[in-house]
Amino acid sequence: MAEQFVMTQKNFDDLKKELEYLVKTKRPEIIERIAEARSHGDLSENAEYDAAREEQRSNEGKIAELEYRIKNADVREEVTDTSYVHLNSVVTVYDEDMEEEAVYTVTSVTDVDVMNGKISIDSPVGSALLRKRAGDKAVVSCPDGSSYTLKILKIS
């Protein structure tokens, strides 16, 4: 069975928009640059041609990835209930081992941005927080077999 990508309708629509841009706008631009670079003659020493071909490979890879995610999307209804942690919840937690607070937004895998506190529902922290309520403790299992505890202070 194919991997499922849990996301909201907005996430799904954003992926479709990005795919449409890559296919209908960026792909023709790259093809045009390749044709222009080809017109300059010898391709063996044509850096412009090599760069355009590399960009084409990258773009086609991104298109394939987006098509796969869209095909295997598990679109979920957006929940606004703040009594428990769910997709798109903003959760303030207290790490008892580190003695510090952190704020995470639990997102779909398509919106992960760890540097800005956006974590996937499939990540160790995200999956430990799911369906928990303020005041609950979530035990996060680490890949190395260890674990740590987060206390949920607030959900918004």
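A brief report on the enclosed structure follows. None of the values given here were measured: they were computed from a predicted structure.

The helix and strand inventory of the protein stands at 3 helices and 7 strands. Along the first, second and third principal axes, the C-alpha atoms of the protein reach 70 × 30 × 30 Å. In the protein, 52% of the contacts between residues at least 6 apart in sequence involve partners at least 24 apart. Summed over all atoms, the accessible surface of the protein reaches about 9,800 Å², with 49% contributed by carbon and sulfur.

This next bit is on the sheet that holds strand β4 (residues 100-107). On the basis of which strands lie adjacent, the open sheet formed by 5 strands has the order β5-β4-β3-β7-β6 and mixed pairing. Single-partner strands in this sheet number two, and they are β5 (118-120) and β6 (137-141). Geometrically, the sheet is characterised by an average inter-axis angle of 45° between neighbouring strands, direction not taken into account. The sheet contact formed by β6 and strand β7 (residues 147-155) spans 5 bridges and is antiparallel. Bridged to S141 within β7 is S147.

Glancing now at the pattern of salt bridges. Across all of its chains, the model carries 10 salt bridges by this definition. E20 is the partner of K24 in a salt bridge, and the nearest nitrogen-oxygen pair spans 3.7 Å. Highlighted residues: K24 and E20, both in helix α1 (residues 9-38), separated by 4 residues, approximately one helical turn. The exposure class of K24 is exposed, given its relative accessible area of 60%.

What follows is about the layout of surface pockets. Approximately 160 Å³ is the volume found for the largest pocket. Every residue along the wall of the largest pocket is listed here: V6, R76, E77, V79, Y84, V85, H86, L87, I121, L130 and R131. Residue composition of the lining of the largest pocket, grouped by class: 7 nonpolar, 1 polar and 3 charged.

Our focus in this paragraph is the side chain of N59. Of note, N59 is situated in helix α2 (residues 47-71). Here the side chain of N59 touches L22 through a polar contact of 3.5 Å, landing on its backbone oxygen. If we skip the residues at most four places from it in the chain, N59 touches L22, K26, R27 and I30.

The next thing to look at is the nonpolar core. With 17 residues, the main nonpolar core has V85, V91, L129 and I152 as its most contacted residues. Taken together, the elements giving at least two residues each to this core come down to β3 (90-95), α3 (124-129), β6 and β7. Non-local contacts of V85, meaning those with residues more than four positions away in its chain, are made with V91, V106, L129, L130, R131, K132, I152 and I155. Within the second largest apolar cluster, 9 residues are counted, among which are F12, I63, L66 and I70.

Another point: the packing of aromatic side chains. Aromatic ring pairs are defined here through the distance separating the ring centres and the angle between the ring planes. Within the structure shown, the criterion is met by 1 aromatic pair. For the pair F5 and Y68, a centre-to-centre distance of 5.8 Å together with 80° between the ring planes defines the contact as edge-to-face. Residue F5 is located in strand β1 (residues 5-8), and its partner Y68 is located in helix α2; the two are separated by 63 residues in the primary sequence. Of the residues examined, F5 reaches a relative accessible area of 6% and is grouped as buried. Taking the relative accessible area as the measure of exposure, Y68 reaches 36% and is therefore partly exposed.

Cut-offs and rules
All residue numbers here refer to positions counted from 1 along the written sequence of the relevant chain. Local features in this predicted model are restricted to residues whose pLDDT is 70 or higher, and side-chain atom pairs enter the listing and the counts only when it is 80 or higher, whereas totals over whole chains, interfaces and linings include all residues. Just so you know, side-chain values use all the structure's heavy atoms and leave hydrogens and water out. Numbering of helices and strands starts at the N terminus; helices are DSSP runs of H or I of at least 4 residues and strands are runs of E of at least 2. The contact criterion used is simple: two residues touch if any of their non-hydrogen atoms lie within 4.5 Å. Each accessible area is a Shrake-Rupley result for a 1.4 Å probe, and residues are judged covered by the shown protein chains and nothing else. A strand pair is defined by DSSP finding two or more bridges across the two strands. Every axis in this analysis is a line fitted to C-alpha atoms, fitted for helices over the stretch in contact. Angles between the N-to-C directions lie between 0 and 180 degrees. For this analysis, a salt bridge means a side-chain nitrogen from Lys or Arg found within 4 Å of a carboxyl oxygen belonging to Asp or Glu. Remark: exposure states derive from per-residue accessible area (1.4 Å probe, protein chains only) relative to the maximum for the residue type, with buried under 20%, exposed over 50%, and partly exposed in between. A pocket here means an open set of points on a 1 Å grid, computed over the protein atoms alone, that has protein on both sides within 12 Å along at least five of seven lines. A cavity is instead a set of points where a 1.4 Å probe fits but cannot get out; residues with an atom within 4 Å of a point line either one. Grid points are joined across faces, edges and corners, and a volume is the space filled by probe spheres set on the points. Side-chain classes follow a simple rule in which Ala, Val, Leu, Ile, Met, Phe, Trp, Tyr, Cys and Pro form the nonpolar group, Asp, Glu, Lys and Arg form the charged group, and the remainder, Gly included, forms the polar group. Contacts described as polar in this section are N or O atom pairs within 3.5 Å, which, within protein, must combine one atom able to donate a hydrogen with one able to accept it, while residues neighboring in sequence count only if both atoms come from side chains. Nonpolar cores were defined as sets of buried Ala, Val, Leu, Ile, Met, Phe, Trp, Tyr and Cys residues, with membership established by side-chain atoms within 4.5 Å. In this scheme Phe, Tyr and Trp rings, the latter by its six-membered ring, pair at centre separations within 6.5 Å, and the angle between planes marks the pair as stacked below 30 degrees, edge-to-face above 60, and tilted otherwise.

Without other data, these values stay purely geometric and don't point to any function.
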